[in-house]
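What follows is each chain in one-letter form.
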Amino acid sequence: MRIFHMADLHIGKKLNQVSLLPDQQHLLQQVVALIQQRRPDVLLLAGDIYDRRSPAVEAVQLLDSFLSEVVLRCHVPVIAISGNHDSGERLGFAQGLLSQAGFYIAGRCTVPLPQVTLQDQWGLVVFHQLPYADLATLKYILQTEEAINYEEAIERLLQTLELERTEGTRHVLLAHGVVAGNDGENLERCDSERELSIGGTEFWSSSLLSGFSYVALGHLHSCQRSGSERIRYAGSPFKYSFSEERQQKGLLQIDLDGAGDIEVTQLPLTPLRDLRTIRGNLQDLLQDDIVQAANAADYIRAILTDYGELLEPMAQLKEKYPNTLTLEREHQLLSEPMENYEKIDLQRQTPEQLFGNFYRQITGSDITEDELSVLTAAFQALREVE
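Just so you know, these numbers come straight off a predicted model, no measurement behind them. (Residues numbered from 1 in each chain as written. Predicted model: local features only at pLDDT ≥ 70, side-chain atom pairs only at ≥ 80, totals over all residues. Heavy atoms only, no water.)

Turning next to the side chain of S213. Along the chain, S213 turns up in the loop between β11 (203–205) and β12 (214–218). A relative accessible area of 10% means that S213 is categorised as buried. The contact partners of S213, leaving out residues within four places of it in the chain, are R170, H171, R230, L256, G260 and I262. (Helix = DSSP H or I, 4+ residues; strand = E, 2+ residues; numbered from the N terminus. Buried < 20%, exposed > 50% of the residue type's maximum accessible area, 1.4 Å probe, protein only. Contact = heavy atoms within 4.5 Å.)

This brings us to the layout of surface pockets. By volume, the largest pocket is sized at about 430 Å³. In terms of lining residues, the largest pocket is bounded by 15 residues, among which L63, D64, L67, L98 and F103 are the most central. Broken down by secondary-structure element, the contributors of at least two residues to the lining of the largest pocket are α2 (57–73), α3 (88–91) and α4 (95–101). With 7 residues, α2 is the single largest residue contributor to the lining of the largest pocket. Here the lining of the largest pocket is built from residues that sort into 12 nonpolar, 1 polar and 2 charged. In this model, the second largest pocket occupies a volume close to 300 Å³. Taken together, 17 residues form the lining of the second largest pocket, with E89, R108, Y132, A133 and T137 sitting closest to its centre. Looking at the lining of the second largest pocket, the elements that each hand over two or more residues are α3 and α5 (135–142). At 3 residues, α5 tops the list of elements feeding residues into the lining of the second largest pocket. (1 Å grid on protein atoms, 1.4 Å probe; cavity = no way out; pocket = protein on both sides within 12 Å on 5 of 7 lines; lining within 4 Å. Points joined across faces, edges and corners; volume = space filled by probe spheres on them. Nonpolar A, V, L, I, M, F, W, Y, C, P; charged D, E, K, R; others polar.)

Spatial strand order, β6-β5-β4-β1-β15-β16: 6 strands in an open sheet with mixed pairing. Unpaired on one side and paired on the other, β6 (103–106) and β16 (262–268) mark the two borders of the sheet. Each adjacent strand pair in this sheet contributes to an overall mean axis angle of 20°, direction not counted. Relative to strand β15 (residues 250–256), strand β1 (residues 2–6) is paired through 4 bridges, and the arrangement is antiparallel. In the strand pairing of β15, I3 is matched with I254. (Pairing = 2+ DSSP bridges. Axes fitted to C-alpha atoms, helices over the stretch in contact; angles between N-to-C directions.)

A word on the sheet that holds strand β14 (residues 231–233). Across the sheet, which stays open at both edges, the 6 strands sit in the order β7-β8-β9-β12-β14-β13 with mixed pairing between neighbours. Every other strand in the sheet has two partners, leaving β7 (115–120) and β13 (224–225) as the edge strands with one partner each. In this sheet, β12 lies alongside strand β9 (residues 170–176) in parallel orientation, the contact comprising 5 bridges. From the neighbouring strand, L173 faces β12, where its bridge partner is V215.

Now for the packing of α5 against helix α6 (residues 150–159). One way to put it is that α5 packs onto α6 with a least axis distance of 10 Å and a crossing angle of 35°. Relative to α6, α5 is oriented so that their crossing is left-handed. Counted together, L135, L138, I141 and L142 of α5 and Y150, A153, I154, R156 and L157 of α6 form the full contact between these two elements. (Left-handed = near helix turned anticlockwise from the far one by under 90°.)

Moving on to empty space enclosed by the protein. Counted by the stated rule, this structure contains 3 cavities of 30 Å³ or more. Put simply, the largest cavity is a space of about 50 Å³. Lining the largest cavity we find L9, I11, Q24, L27, L28, P237, F238 and Y240. Taken together, the residues of the lining of the largest cavity break down into 7 nonpolar, 1 polar and no charged.

Moving on: the side chain of D51. Tracing the sequence through the fold places D51 in the loop between β4 (42–46) and α2. On the accessibility criterion, D51 (13% relative accessible area) is buried. The contacts of D51, once residues within four sequence positions are left out, are H10, I11, G12, K13, H85 and R194.

Within the secondary structure, Q316 is located in helix α9 (residues 313–320). Relative accessible area serves as the criterion here: at 24%, Q316 is assigned to the partly exposed category. The sequence separation of Q316 and Q283 amounts to 33 residues, and the corresponding C-alpha distance is 9.3 Å. Look past the residues within four positions of Q316 in its chain and what remains in contact with it is L282, Q283, L286 and L311.

The interhelical angle for the contact between helix α1 (residues 21–38) and α2, taken along N-to-C directions, is 10°, at an axis separation of 10 Å. In terms of axis orientation, α1 runs roughly parallel to α2. Of the residues in α2, those touching α1 at L21, Q24, Q25, L28, V31, V32 and I35 are E58, A59, L62, F66, E69 and V70. (Parallel < 35°, antiparallel > 145°, perpendicular 65-115°, else oblique.)

Glancing now at α6. Given 3.6 residues to a turn, an α-helix orients residues that are three or four positions apart in the same direction. Listing the buried residues of α6 in full gives Y150, A153, I154, L157 and L158. Mapping the buried residues of α6 onto a view down its axis gives an arc of 135°, with all of them on the same face. Residue N149 occupies the N-cap position of α6, its side-chain oxygen lying 3.2 Å from the main-chain nitrogen of E151. (Arc of directions from axis to C-beta. Polar contact = N/O pair within 3.5 Å; in protein donor to acceptor, adjacent residues only side chain to side chain.)

Before going further, it helps to examine the pairing of β9. Burial analysis of β9 places 7 of its 7 residues in the buried class, the great majority of the element. The side-chain alternation of β9 yields two buried faces, one formed by R170, V172, L174 and H176 and the other by H171, L173 and A175. The sheet contact formed by strand β8 (residues 123–130) and β9 spans 6 bridges and is parallel. Residue pairing for β9: V126 is matched across the bridge by H171.

Listed below in structure tokens is the structure:
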């Protein structure tokens with residue numbers, strides 16, 4: 001069975017109040033093209049389908065258009081769960097009706113866990129749906145008031161599953177959360193991921209997942225494994241923070257054979273506009289050859305290395321890079337209280353020395369030899385005028 005695994009679409013997300021819907025539509029069109037080309041048997045969406053619990057109308061329309069293409073025109077079933085950004089109740093609306101068309105959505109975590117059974121040439125593949133739920137919700141559905149932690153709650157929930165072991169039957173789990181590998185491997189985190197709890201205590205171990213042929217995870221935005229080749233995060237299809245700008249985004253193709261062995265392939269997606277950082281002197285960054293070296297319409301974080309004041313640097317950058325999102329100054333002017341400034345004898349200082357002291361107090365560094373030579377020439381010219 002060929003499985004496409006995606007997660008963390010975050011449809012409707014904005015970066016610095018800039019809507020990413022056109023970018024997300026561009027990527028979802030590529031997904032439809034890959035489905036038509038590679039003919040998967042099922043598409044999995046492992047949570048955070050929307051970016052907010054109450055998505056905008058345009059975000060709902062984009063998801064509806066995408067699912068209609070996949071389910072109704074490509075005839076590929078979609079199995080999905082809610083994530084911590086989603087409203088499970090809203091996503092789960094009309095699930096009985098939608099499942100008859102081939103869209104199986106588990107919005108709320110329940111006991112028993114919802115499951116979908118598909119068949120290939122070797123037998124049955126059972127997909128178990130574990131939507132995101134916080135600890136209080138897990139304890140409620142498990143009907144326990146014991147002082148258990150998040151991992152213990154997940155373990156009890158998974159123990160309610162009956163993983164049939166008949167020949168040809170394989171089991172796949174969809175889940176959303178932080179699953180830590182038991183091999184000491186560190187998970188890659190991104191700035192765009194919302195903490196699931198104070199201190200990040202909502203996590204569980206990959207050792208609980210040994211009974212599944214594949215585990216399709218969502219929540220972490222970097223494509224990576226967790227403790228096993230069979231336990232994977234697909235990552236987000238788009239870069240939602242500048243901490244992700246060096247990542248290759250895409251979706252995972254999982255080829256599952258009759259013995260439960262898998263072959264994993266990452267299928268890259270090309271963004272309409274990338275996220276990238278530019279760094280340098282403002283006037284250098286505005287040069288045409290620098291601007292034309294990459295897509296000037298990308299979403300830009302600019303780090304300026306200039307010293308001193310600049311006249312409307314953001315406005316100048318946006319003339320060349322219209323989607324500049326953030327501006328940072330590598331060398332900030334110092335703002336120490338005046339009483340902390342160095343006391344100097346004005347009568348014993350040359351103009352060059354006075355300016356050098358002023359420069360050091362404002363910038364935190366000494367004036368360079370080249371700058372000093374220019375300054376000396378300027379003062380000499382003034383003296384000749386006098």
